[in-house]
Amino acid sequence: MTPLASPPELERRSRELTILKAIAEALNREVDLTRALQVALAQVVKLFDLRTGWIWLLRADNGEPYLAAAQNLPPALADNPRRMEGSCYCLDLFRLGDLAGAANVNIITCSRLKNLLDGTDGLQSHASVPLSAHGKRLGVLNVVSSDWRELSAENLRLLYTVGDLIGIAIERARLFTTSTQIGALEERNRLAREIHDTLVQGLAGIIMQLETADAFLESAQADRGQAALRQALALARSNLDEARRSVLDLRAAPLEGRSLDKALEALVHDRQAAANVKIAFETSGSRPLPARIEAGLYRIAQEALTNLVQHARARHATVRWLTTPQYTQLIVEDDGVGF
């Protein structure tokens, strides 16, 4: 006969189940990756009675870490986004495979806060929880308290289980994003076919008719008629080229499979090569954004640089892209005269 659990044991199990239930329910309500991570992080900080936390994820394309979510960062980190870039001690351990299993969820001195005196709110150490799903390493959850005591074995296991829940939610959100992008691509291709079947073919017909009229007028020596028709021909051909360009833009994603920072860097290089303008590119906190946001930012930068080259008469320009878990900012500046 199995002995009954003691009241403290029952209380501990009840607390664990309550925490896991709250986090699982919060994650199940979200399919957007950014919101899911922010909700999970807020729940972990609240339910474990902690102060601060952040989540690192590894980029799917190159394995580089980026800050995916943050909760109550101390001023030393919140006011200096560059301190939250690149690798660190716990990320290095994670990518080497040395941060795995509940036994390794433990207190580590944060290399980003080390040796800082001001703006840390008394924070120096954090627990590092590996995030994975189906054997695939995804990232690290860091949770911080200003009065760390040694974590019990039960709390270590509980944090590790929470990491498993977050890892599964990350994979689900990424699968949802992928399916959405595939649906958007199919819709773009459908619209591209419709444009090709109507507008482009119609313009081609106009050109054929005008070419015929031009031939008749030429035989009758009607100079003014020829000039007008030739102008119409040039306009129609220009519209045809524009329609074809629109179809190509619609069929292909503007980033062409690149990350936004790489796409912006290539755009700056192309514009600089095409005009006598020196353009600097600066980026901080590069992290993946929803596809529609990245495409929109790229189009804005594309149009701004086109206007800069054609109208501003600038000699120097700078493109800056800053992104944090809370916001993203794109700035295009130049020393030109404006429009």
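Residues numbered from 1 in each chain as written. Predicted model: local features only at pLDDT ≥ 70, side-chain atom pairs only at ≥ 80, totals over all residues. Heavy atoms only, no water.

(A) Quick peek at the packing of helix α7 (residues 260-274) against helix α8 (residues 291-312). Remark: α7 packs on α8, axes separated minimally by 11 Å, with the N-to-C direction vectors making an angle of 15°. One way to sum up the angle between α7 and α8 is to call them roughly parallel. For the crossing formed where α7 meets α8, the hand is right-handed. When α7 is examined against α8, the residues L260, A263, L264, L267, V268 and R271 are found in contact with a partner set consisting of E294, L297, Y298, A301, Q302, L305, T306 and V309. Of the residues that constitute the contact of α7 with α8, the class distribution is ten nonpolar, two polar and two charged. (Axes fitted to C-alpha atoms, helices over the stretch in contact; angles between N-to-C directions. Helix = DSSP H or I, 4+ residues; strand = E, 2+ residues; numbered from the N terminus. Parallel < 35°, antiparallel > 145°, perpendicular 65-115°, else oblique. Left-handed = near helix turned anticlockwise from the far one by under 90°. Contact = heavy atoms within 4.5 Å. Nonpolar A, V, L, I, M, F, W, Y, C, P; charged D, E, K, R; others polar.)

(B) Region of the structure containing the pairing of strand β6 (residues 278-284). Direction of pairing for β6 relative to strand β7 (residues 316-323): parallel, over a ladder of seven bridges. Across the sheet, I279 pairs through a bridge with A317, a residue of β7. Since β6 and β7 lie parallel, the crossover through α8 that links them has a hand, and here it is left-handed. (Pairing = 2+ DSSP bridges. Right-handed = clockwise from strand over helix to strand, strands pointing away.)

(C) Local environment of the pattern of salt bridges. For the coordinates displayed, the defined rule picks out five salt bridges. One salt bridge in this structure joins K21 and E25, with 2.7 Å as the shortest N-O distance. With a gap of four residues between them, K21 and E25 both fall in helix α1 (residues 7-28), about one helical turn apart. Relative accessible area serves as the criterion here: at 36%, E25 is assigned to the partly exposed category. The residue D121 makes a salt bridge to R51 at a minimum N-O spacing of 3.5 Å. Residue D121 is found in the loop between β3 (107-109) and β4 (125-133), and its partner R51 is found in the loop between α2 (33-47) and β1 (52-58); the two are separated by 70 residues along the sequence. Through salt bridges with shared partners, a single network forms among E282, R320 and E333. (Salt bridge = Lys/Arg side-chain N within 4 Å of Asp/Glu carboxyl O. Buried < 20%, exposed > 50% of the residue type's maximum accessible area, 1.4 Å probe, protein only.)

(D) Structural context of the pairing of strand β5 (residues 136-144). Burial within β5 is extensive, with seven of its nine residues counted as buried. Looking at chain direction, β1 and β5 are connected through six bridges and run antiparallel. Residue L57 lies in a different strand from β5, and its bridge partner there is G139. Judged from the eight bridges that link them, β4 and β5 form a sheet pairing that is antiparallel. Bridging across to β5, S128 finds its partner in N142. Counted between consecutive antiparallel strands, the loop separating β4 from β5 contains two residues, among which H134 sits at a positive phi close to 55°.

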